[in-house]
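Fold and geometry: a report
Here's the letter readout for the chains.
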Amino acid sequence: MEANVNKRQFLGRTLTGVSALALAGCDRLNMSPWFSKVLAVGESINKGVHQLAGGRVSMAQEFSEADLSPVFRGNGSINPDDGAYRAMAAENFANWTLKVDGLVEQPTVFTLAQLRLMPRRTQITRHDCVEGWSAIGKWTGVPLAQVLALAKPTAQARYVVLHCADTYGTGGSKTPYYESIDLEDAYHAQTIVAYGLNGKPLPVANGAPLRLRVERQLGYKHAKFLARIELVESFAHLGRGKGGYWEDRGYQWYAGI
Ligand SMILES: Nc1nc2c(c(=O)[nH]1)N[C@H]1C(S)=C(S)[C@@H](COP(=O)(O)O)O[C@H]1N2
Ligand SMILES: [Mo]
């Protein structure tokens, strides 16, 4: 109860106007509670509220088979036209690898077969996109913690950068999609490198053959077409320096739901 009061006051003090979230790409905004919250508060404040409310230590809600959306729509890149990706897709991703490098003791390259042999987790969760839609899907994959346990991040590592195989954007201005999360979210039990959706291999539209699920954050953090994981101390040197494709265009880095 007390936490709720604090939270309201905290929010009340910090309504600093509309953040840059209302930028390109968000053409179908709705005002569901999670969206208003994201819109109204700044990044560090949002993170503070989340921690105050116990958000980051908790699990995202999980659902039952009966709750599954009949169709899990694809959004953003749904059929990358990048040459290297198309070539991989043409051979049904037989030669896809996931590289893990950067600030690690043991740089590692995983094949899909290796990832499928590792401990797995299946979870039915709701995906919330800032464009104003949600869908419930059943995801299967390797906990990111398992992948990191083999690569062994060094003491300097602070963030996990997700490098994707697609470029995104309009006309001639396509740039590589990428994302980043901190180690707290990286080691969270529901953060997985997913290779399955609803009991089948990931469809291309949903990020085949690998995509991140980071269930306590908004849709744009869930990097699809995942090809490389880089451990870094800072993401200032990547893209425009804000930690992700949409962050570079004004979205918050910490996109807690
Ligand atoms: N590589 C890559 N990852 C991406 C995107 C993208 O365009 N490229 N779009 C993001 C956005 S905004 C959302 S809502 C989800 C959509 O996931 P879905 O296609 O499975 O619905 O993927 C996210 N991850
Ligand atoms: Mo999204």
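Rules and cut-offs
- Residues numbered from 1 in each chain as written.
- Chains lettered and ligands numbered in written order.
- Predicted model: local features only at pLDDT ≥ 70, side-chain atom pairs only at ≥ 80, totals over all residues.
- Heavy atoms only, no water.
- Helix = DSSP H or I, 4+ residues; strand = E, 2+ residues; numbered from the N terminus.
- Near = heavy atom within 4 Å.
- Polar contact = N/O pair within 3.5 Å; in protein donor to acceptor, adjacent residues only side chain to side chain.
- Areas by Shrake-Rupley, 256 points an atom, 1.4 Å probe, with all protein chains shown as cover.
- Buried < 20%, exposed > 50% of the residue type's maximum accessible area, 1.4 Å probe, protein only.
- Lys, Arg positive; Asp, Glu negative; His and termini not counted.
- Salt bridge = Lys/Arg side-chain N within 4 Å of Asp/Glu carboxyl O.
- Contact = heavy atoms within 4.5 Å.
- Phe/Tyr/Trp six-rings, centres within 6.5 Å; stacked < 30°, edge-to-face > 60°.
- Lys NZ or Arg CZ within 6 Å of the ring centre and 35° of its normal.
- pLDDT = per-residue confidence, 0-100.

What to know about unusual backbone geometry
Cis geometry is found at the peptide bond from alanine 208 to proline 209, where omega equals 0 degrees. Positionally, proline 209 belongs in the loop between β8 (200-201) and β9 (211-214). Despite not being glycine, asparagine 92 shows a phi value in the positive range, around 55 degrees. With respect to the element layout, asparagine 92 can be found in the loop between α4 (83-90) and β1 (97-102). Not every positive phi belongs to a glycine, and phenylalanine 225 is a case in point at roughly 50 degrees. Along the chain, phenylalanine 225 turns up in the loop between β9 and β10 (226-232).

Topic: the site of ligand 1
Surveying the vicinity of ligand 1 reveals 21 residues, the closest of which are Arg73, Asn75, Ser77, Asp166 and Lys224. Within the side chain of aspartate 166, one N or O atom sits 2.6 Å away from a nitrogen atom of ligand 1. Here lysine 224 contributes a side-chain N or O atom positioned 2.6 Å from an oxygen atom of ligand 1. Computed on the free molecule, ligand 1 has an accessible area of 540 Å², of which 99% lies beneath the protein chains in the complex. Looking at the shell around ligand 1, the elements with two or more residues in it are β3 (121-129) and β5 (159-168).

Quick look at the side chain of lysine 224
As for its placement among the helices and strands, lysine 224 is situated in the loop between β9 and β10. Salt bridges are absent for the buried lysine 224, whose nearest opposite-charge side chain, aspartate 166, sits at 6.9 Å. A polar contact of 2.7 Å, which involves the side chain of lysine 224, links it to the backbone oxygen of asparagine 75. Of the polar contacts made by the side chain of lysine 224, one reaches the backbone oxygen of serine 77; its length is 2.7 Å. Apart from the residues within four sequence positions on either side, lysine 224 is in contact with Asn75, Ser77, Ile78, Cys164, Asp166, Ala205, Asn206, Gly207, Leu210 and Arg211.

Digging into the packing of aromatic side chains
Remark: the centre distance and the inter-plane angle together describe each pair of aromatic rings, the angle taken between the planes. Overall, the coordinates contain 16 aromatic pairs when judged by the stated rule. Pairing tyrosine 168 with tryptophan 246 gives two aromatic rings, centres 6.1 Å apart and planes at 65 degrees, and the pair type is edge-to-face. Separated by 78 residues along the polypeptide, tyrosine 168 in strand β5 and tryptophan 246 in the segment after β10 bring together distant segments of the chain. Of the aromatic side chains, those joined through ring pairs into one cluster are Tyr168, Tyr177, Tyr220, Tyr245, Trp246 and Tyr251. The ring centre of tyrosine 245 lies 3.7 Å from the NZ or CZ of arginine 249, which sits over that ring.

Considerations on the confidence of the model for the chain
Averaged over the chain, the pLDDT score is 85; the fraction of residues at 70 or greater is 78%. No element of the chain has a lower mean pLDDT than helix α1 (residues 2-13), at 30, and none a higher one than β9, at 99. Within the model, pLDDT remains below 50 along residues 1-45, and this stretch shows 71 contacts once partners closer than five positions in the same chain are excluded.

A few points about the environment of glycine 169
Along the chain, glycine 169 falls in the loop between β5 and β6 (175-182). Judged by relative accessible area, glycine 169 falls into the partly exposed class, the value being 29%. Along the sequence, glycine 169 and serine 77 sit 92 residues apart, while their C-alpha atoms lie 9.0 Å from each other. The residues touching glycine 169, leaving out its near neighbours within four places in the chain, are Lys174 and Tyr245.

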